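Below, each chain spelled out in residue letters.
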Amino acid sequence: AEREREISWNGTENSTVPNFVPWKNRQSPPAAKRLSPATSEKMNPFQSVSGAPSFTPLTSAATSGSSAYPSTSWAEGSGSSLKDLVSSPVAATPPSTHSIFGSVGGSGGKNTPGTVDRDQVFQWIQELTSPSTREHALIELSRKREVLPDLAPMLWHSFGTMAALLQEIVMIYPVINPPTLTAQQSNRVCNALALLQCVASHPETRTTFLNAHIPLFLYPFLHTVSKSRPFEYLRLTSLGVVGALVKTDEQDVINFLLTTEIIPLCLRIMESGSELSKTVATFILQKILLDETGLSYICQTFERFSHVSTVLSKMVQTLSNEPSSRLLKHVVRCYLRLSDNPRAKEALRQCLPVQLQDATFSSVLKEDGTTKKWLLQLLSSLGLELPPTSSPTITSSSSTFTDNRPHPSPNVHISQ
């Protein structure tokens, strides 16, 4: 077994390619359980690297330097909003999830652009720089962000505003370890994060937002493991900021994220978070996989592939007991994209969950044609037997999925 683990994915000795590892001098999140030695032995192309840690950032990623970002929505297909899934007597619906999962307004959704008092908006922005008036200004601006299309440039270019928002984030660090975050503190920082998401979503401010490495300030929130509602909303809203970046399919965004620990953080949340957090985290992983650089990075070593595959497998097992069509769609799409890599395709023939090969999800797939199509494409591509309820007419020629971004096939929708 030790000798086999010294063999790289390409079958060469002494490979030094590491695995998903967070920033230097920071402790890596606990890795998911690896595949069994027996399974690993069957997957010759994916023998792991000896002593390789988990998920190393891509430090040599080339950047395109482009500052033009397409204005695309998170959901390319139709579907209901995730807003209805979140309700709480403690805190309002996490503001960051609204604009990500559809054109849903925040708590100020009753307003229209014609009723917004811009002078009042500028007054609220000015009040952000004063600690005594900041909390009220955060509430009001987070309510108006959906009806003010130019709020992001107003926030970014106003003096002291971004520093005030970052101060709100840093002030929460002491209460996340030990976990003493209260509902009021969570609401306040989530309002600040909602404004950061607004800046991350706007094409005029997204590049500078990314160049300033502001998303890194949110990673300590994603490291939290407390399952209390204030912490769950904190993680969910932080994921929303990252989701606002990846939804544009920009190469610069993917390159930046691969230099950070976002993949292991998402994998941890996919294992233990709430359904809504799992959905956002899986979507982020999906968007990374849909990028050629992201797919190559994750499939570069067996340990990286094994980490992702193991977490996806656990999610499938959970979904078999607690079905969620929205989450299942993202999981199946991740598997389908992994199968585009030749070595991952060979490994998936050995480790694809049996629940995806039988009729476990037949009732869910009846109501979701897109997910059913992706699953049939996946099984056909891997040369596996189709589920009993599936149509046997699918052929290998129709199983090859390609993303022609920025103009994807009209028959394939990446929806919420």
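Identification of the protein as CCR4-NOT transcription complex subunit 9 from Geodia barretti is taken from an unreviewed UniProt entry. Quoted verbatim from the Sequence similarities (unreviewed entry) field of UniProt, the annotation for the protein is "Belongs to the CNOT9 family."

Asker: Hey, could you go over the overall build of the protein for me, with residue numbers and the actual values?
Answerer: The helix and strand tally for the protein stands at 20 helices and 0 strands. Taken across its 416 residues, the protein has 54% of its residues classed as buried. Accessible surface computed for the protein: about 17,700 Å², of which carbon and sulfur atoms make up 51%.

Asker: Tell me about the pattern of salt bridges, and name the residues and values.
Answerer: Any two side chains of opposite charge can pair, on the condition that their charged atoms come close. The final tally for this structure, using the stated rule, is 13 salt bridges. For Arg-118, the salt bridge goes to Asp-150, with nearest N and O atoms at 2.7 Å. Placement of Arg-118 in helix H4 (residues 118-127) and of Asp-150 in the loop between helix H5 (134-144) and helix H6 (151-157) is noted, with a sequence separation of 32 residues between them. For Glu-135, the salt bridge is made with Arg-188, and the minimal N-O distance between the two is 3.6 Å. A residue pair is termed long-range when its members are at least 10 positions apart, and Glu-135 in helix H5 and Arg-188 in helix H8 (residues 183-201) qualify at 53 residues.

Asker: Go over the packing of H5 against H8 with me, naming the residues and quoting the values.
Answerer: Contact pair H5 / H8: the axes reach a minimum separation of 9 Å and the direction vectors enclose 55 degrees. In terms of their interaxial angle, H5 and H8 are classed as oblique. As for how H5 packs across H8, the hand of that crossing is left-handed. Facing H5, whose interface residues are Arg-134, Glu-135, Leu-138, Ile-139, Leu-141 and Ser-142, H8 presents Gln-184, Arg-188, Asn-191, Ala-192, Ala-194 and Leu-195. The residue inventory of the contact of H5 with H8, partitioned by class, reads 6 nonpolar, 3 polar and 3 charged.

Definitions and limits used
- Throughout, residues of each chain are indexed from 1 in the direction in which the sequence is written.
- Local features in this predicted model are restricted to residues whose pLDDT is 70 or higher, and side-chain atom pairs enter the listing and the counts only when it is 80 or higher, whereas totals over whole chains, interfaces and linings include all residues.
- As a rule here, side-chain values cover all heavy atoms of the structure and leave hydrogens and water aside.
- UniProt positions are given in the numbering used here, feature names are shortened, and annotations may be inferred rather than shown by experiment.
- Each helix corresponds to a stretch of at least 4 residues labelled H or I by DSSP, and each strand to a stretch of at least 2 residues labelled E; elements are numbered beginning at the N terminus.
- A simple rule labels every residue: compare its accessible area, found with a 1.4 Å probe on the protein chains alone, to the largest value its type can have, and call it buried under 20%, exposed over 50%, or partly exposed in between.
- Only the protein chains shown count as cover for residues, and the accessible areas themselves come from Shrake-Rupley with a 1.4 Å probe.
- Every case where a carboxyl oxygen of Asp or Glu lies within 4 Å of a side-chain nitrogen of Lys or Arg is listed as a salt bridge.
- Between N-to-C directions, angles span 0 to 180 degrees; the directions come from axes that are lines fitted to C-alpha atoms, helices contributing only their stretch in contact.
- An angle below 35 degrees is treated as roughly parallel, one above 145 as roughly antiparallel, one from 65 to 115 as roughly perpendicular, and anything else as oblique.
- The handedness criterion is simple: a crossing whose near helix is rotated anticlockwise from the far helix by less than a right angle is left-handed, and one whose near helix is rotated clockwise is right-handed.
- Whether two residues are in contact is decided by their heavy atoms, any of which lying within 4.5 Å being enough.
- Each residue is assigned to one of three groups, with Ala, Val, Leu, Ile, Met, Phe, Trp, Tyr, Cys and Pro labelled nonpolar, Asp, Glu, Lys and Arg labelled charged, and all others, Gly among them, labelled polar.

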